[in-house]
Amino acid sequence: MSQADFEAALNANQPYFGPHLGCRLSWPHIYYFQQKLLQKLASTRASSAPLSILEIGVWAGASTVSWGQGLQRYFAGRGQIVSVDVWAENGEPVANLAGASGAIKHVFLHNIRASGVAALVEPLHADSDTAFAQLAARRFDVIYIDGDHRYEQVRRDLKHAQDCLAPGGVICGDDLEVQRGEGADAAVARAVVDGDAWAAHPVSGLGFHPGVTQAVFETFGPVSAWGGFWAMSETQGRWMPVSLDGIEAEVPRALIQYDENGKRLFDL
Ligand SMILES: C[S@@+](CC[C@H](N)C(=O)[O-])C[C@H]1O[C@@H](n2cnc3c(N)ncnc32)[C@H](O)[C@@H]1O
């Protein structure tokens, strides 16, 4: 069924973010908090200057469409997004298949076109180390880290992101389900040594990303986070938490999960 939906969407020039080829890799609430962040930046920035966004790890483009539609909604379309991915192996069996066949980059390009954000997007087919080297002379207002979630790579991505951040910019990311000091520190230490991208929380049993937990903690200490999405803002050389309280935002419809009767499957 999911393959039929996928083919129907591609034929009808509609974006596809369903389960086929693992096209939706993050939960819808991540996109909700991305929208809130952009709305907040639009209201707090001094002028109507365009917003430049760099995202590491985009797969089928769900986060790209979220950022793009946020730019259209809150910045009148002023801005750009550099979207970096290897579009190949990423540790998920289904995703590996799609990446290896080359299908997923095609789906990414389709999704940004069908969602009306392609003009804002600069796809960059590279691993993040290579991409940061190529982008060294550029500065970004928002840098979103959602690539390889193992400790060493997240740590490097966060270091490079700081070098590329515009003054007053925000570094944010996905998959910080657990922070240091939240009952899983021994599991985090083990996973970091073993190079694991996943571990189970010893109390809840729920899976989380220990490399993200450790690298974010080493870089910033405790951060502002909402169900896995996290963000920190640079202010005159210091890292400050971000408040998204009291900001309402809409999630792009294509990124919300519905059943066949149109009922929302996921409550924000
Ligand atoms: C969790 S997914 C990203 C999901 C996407 N942000 C979204 O909202 O749908 C992680 C992505 O990181 C990419 N990736 C893995 N290692 C990478 C690396 N070293 N450099 C760049 N991208 C990488 C994978 O191909 C995959 O697309």
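Preceding this paragraph is the structure being described.
Summary of the structure given here. Just so we're clear, the structure is a prediction, and the values are computed from it rather than from any experiment. (Residues numbered from 1 in each chain as written. Predicted model: local features only at pLDDT ≥ 70, side-chain atom pairs only at ≥ 80, totals over all residues. Heavy atoms only, no water.)

## So, the overall build of the protein chain
Next, step 1: Within the protein chain, the secondary structure is distributed over nine helices and ten strands.
Next, step 2: Dimensions of the protein chain, computed from C-alpha atoms along their principal axes, come out at roughly 45 × 45 × 40 Å.
Next, step 3: Each of the 268 residues in the protein chain was classed as buried or not, and the buried ones make up 50%.
Next, step 4: Long-range contacts, defined here as pairs at least 24 residues apart, represent 73% of the contacts in the protein chain between residues at least 6 apart.
Next, step 5: For the protein chain, the accessible area works out to roughly 12300 Å², and carbon and sulfur atoms hold 51% of it. (Helix = DSSP H or I, 4+ residues; strand = E, 2+ residues; numbered from the N terminus. Buried < 20%, exposed > 50% of the residue type's maximum accessible area, 1.4 Å probe, protein only. Contact = heavy atoms within 4.5 Å. Areas by Shrake-Rupley, 256 points an atom, 1.4 Å probe, with all protein chains shown as cover.)

## Side note on the packing of aromatic side chains
Between two aromatic rings, the relevant description is the distance of the centres plus the angle of the planes.
Next, step 1: Scanning the model with the defined rule gives nine aromatic pairs in all.
Next, step 2: Ring centres 5.6 Å apart and planes at 50° place the aromatic pair Phe-220 and Trp-230 in the tilted group. Placement of the pair is Phe-220 in helix 9 (residues 210-220) and Trp-230 in strand 9 (residues 228-235), with a sequence separation of ten residues.
Next, step 3: Through a chain of ring-to-ring contacts, the aromatic side chains of Tyr-32, Phe-33, Trp-67, Tyr-144, Trp-226 and Phe-229 assemble into a single cluster.
Next, step 4: Sitting over the face of the ring of Phe-217, Arg-180 holds its NZ or CZ atom 4.8 Å from the ring centroid. (Phe/Tyr/Trp six-rings, centres within 6.5 Å; stacked < 30°, edge-to-face > 60°. Lys NZ or Arg CZ within 6 Å of the ring centre and 35° of its normal.)

## Observations regarding the nonpolar core
Next, step 1: Of all hydrophobic cores here, the largest spans 48 residues; its most connected members are Leu-37, Trp-67, Ile-104 and Cys-172.
Next, step 2: Sequence-distant contacts of Leu-37, defined by excluding residues within four places in its chain, comprise Trp-67, Val-170, Cys-172, Phe-229, Val-242 and Leu-244.
Next, step 3: With 27 residues, the next largest nonpolar core counts Leu-124, Leu-135, Val-154 and Cys-164 among its residues. (Core = buried A, V, L, I, M, F, W, Y, C linked by side-chain atoms within 4.5 Å.)

## Focus: the pairing of strand 10 (residues 238-241)
Next, step 1: Sheet analysis places strand 9 next to strand 10, joined by four bridges and oriented antiparallel. In the sheet register, Glu-234 faces strand 10, and the bridge partner there is Trp-239.
Next, step 2: The turn linking strand 9 back onto strand 10 is made up of two residues, and Gln-236 within it adopts a positive phi angle of 45°. (Pairing = 2+ DSSP bridges.)

## Digging into the pairing of strand 9
Next, step 1: Counting buried positions along strand 9 gives seven out of eight residues, so the element sits mostly inside the fold.
Next, step 2: Relative to strand 9, strand 5 (residues 165-176) runs antiparallel, the two sharing five bridges. Its bridge partner being in strand 9, Val-170 is matched across the sheet by Ser-233.
Next, step 3: The sheet contact formed by strand 8 (residues 224-226) and strand 9 spans three bridges and is antiparallel. Of the residues in strand 9, the one forming a bridge with Trp-226 is Phe-229.
Next, step 4: The turn linking strand 8 back onto strand 9 is made up of one residue, and Gly-227 within it adopts a positive phi angle of 60°.

## Structural notes on the packing of helix 2 (residues 28-44) against helix 3 (residues 62-74)
Next, step 1: Interaxial distance between helix 2 and helix 3 falls to 9 Å at its minimum, and their mutual angle equals 30°. Judged by the angle between their axes, helix 2 and helix 3 are roughly parallel. Pair helix 2 / helix 3 crosses with right-handed handedness. Counting all contacts with helix 2, which are made through Tyr-31, Gln-34, Gln-35, Leu-37, Leu-38, Gln-39 and Ala-42, the residues of helix 3 involved are Ala-62, Ser-63, Ser-66, Trp-67, Gln-69, Gly-70, Leu-71, Arg-73 and Tyr-74.
Next, step 2: Among the residues forming the contact of helix 2 with helix 3, the class breakdown is eight nonpolar, seven polar and one charged. (Axes fitted to C-alpha atoms, helices over the stretch in contact; angles between N-to-C directions. Parallel < 35°, antiparallel > 145°, perpendicular 65-115°, else oblique. Left-handed = near helix turned anticlockwise from the far one by under 90°. Nonpolar A, V, L, I, M, F, W, Y, C, P; charged D, E, K, R; others polar.)

## Here's the deal with empty space enclosed by the protein
Next, step 1: A complete count under the given rule lists two cavities of 30 Å³ or more for this structure.
Next, step 2: The space that makes up the largest cavity amounts to roughly 50 Å³.
Next, step 3: In this structure, the largest cavity is lined by Ile-145, Asp-146, His-149, Val-154, Leu-158, Asp-174, Val-212, Val-216 and Trp-230.
Next, step 4: If you list the elements that add at least two residues to the lining of the largest cavity, you get helix 7 (151-164) and helix 9. (1 Å grid on protein atoms, 1.4 Å probe; cavity = no way out; pocket = protein on both sides within 12 Å on 5 of 7 lines; lining within 4 Å. Points joined across faces, edges and corners; volume = space filled by probe spheres on them.)

## Details of the site of the ligand
Next, step 1: Taken together, 18 residues surround the ligand, and among them Tyr-31, Ser-63, Asp-85, Ser-128 and Asp-146 come closest.
Next, step 2: Against a free-state accessible area of 600 Å², the protein chains account for coverage of 92% of the ligand. (Near = heavy atom within 4 Å.)

## Notes on unusual backbone geometry
Next, step 1: One non-glycine residue with positive phi stands out, namely Leu-21, at about 60°.
Next, step 2: When you line up the elements, Leu-21 lands in the loop between helix 1 (2-11) and helix 2.
Next, step 3: Overall, Leu-21 belongs to the buried group, its relative accessible area being 13%.
Next, step 4: Its identity is not glycine, yet Gln-236 carries a phi of approximately 45°, on the positive side.
Next, step 5: With respect to the secondary-structure elements, Gln-236 resides in the loop between strand 9 and strand 10.
Next, step 6: Note on Gln-236: relative accessible area 78%, which makes it exposed.

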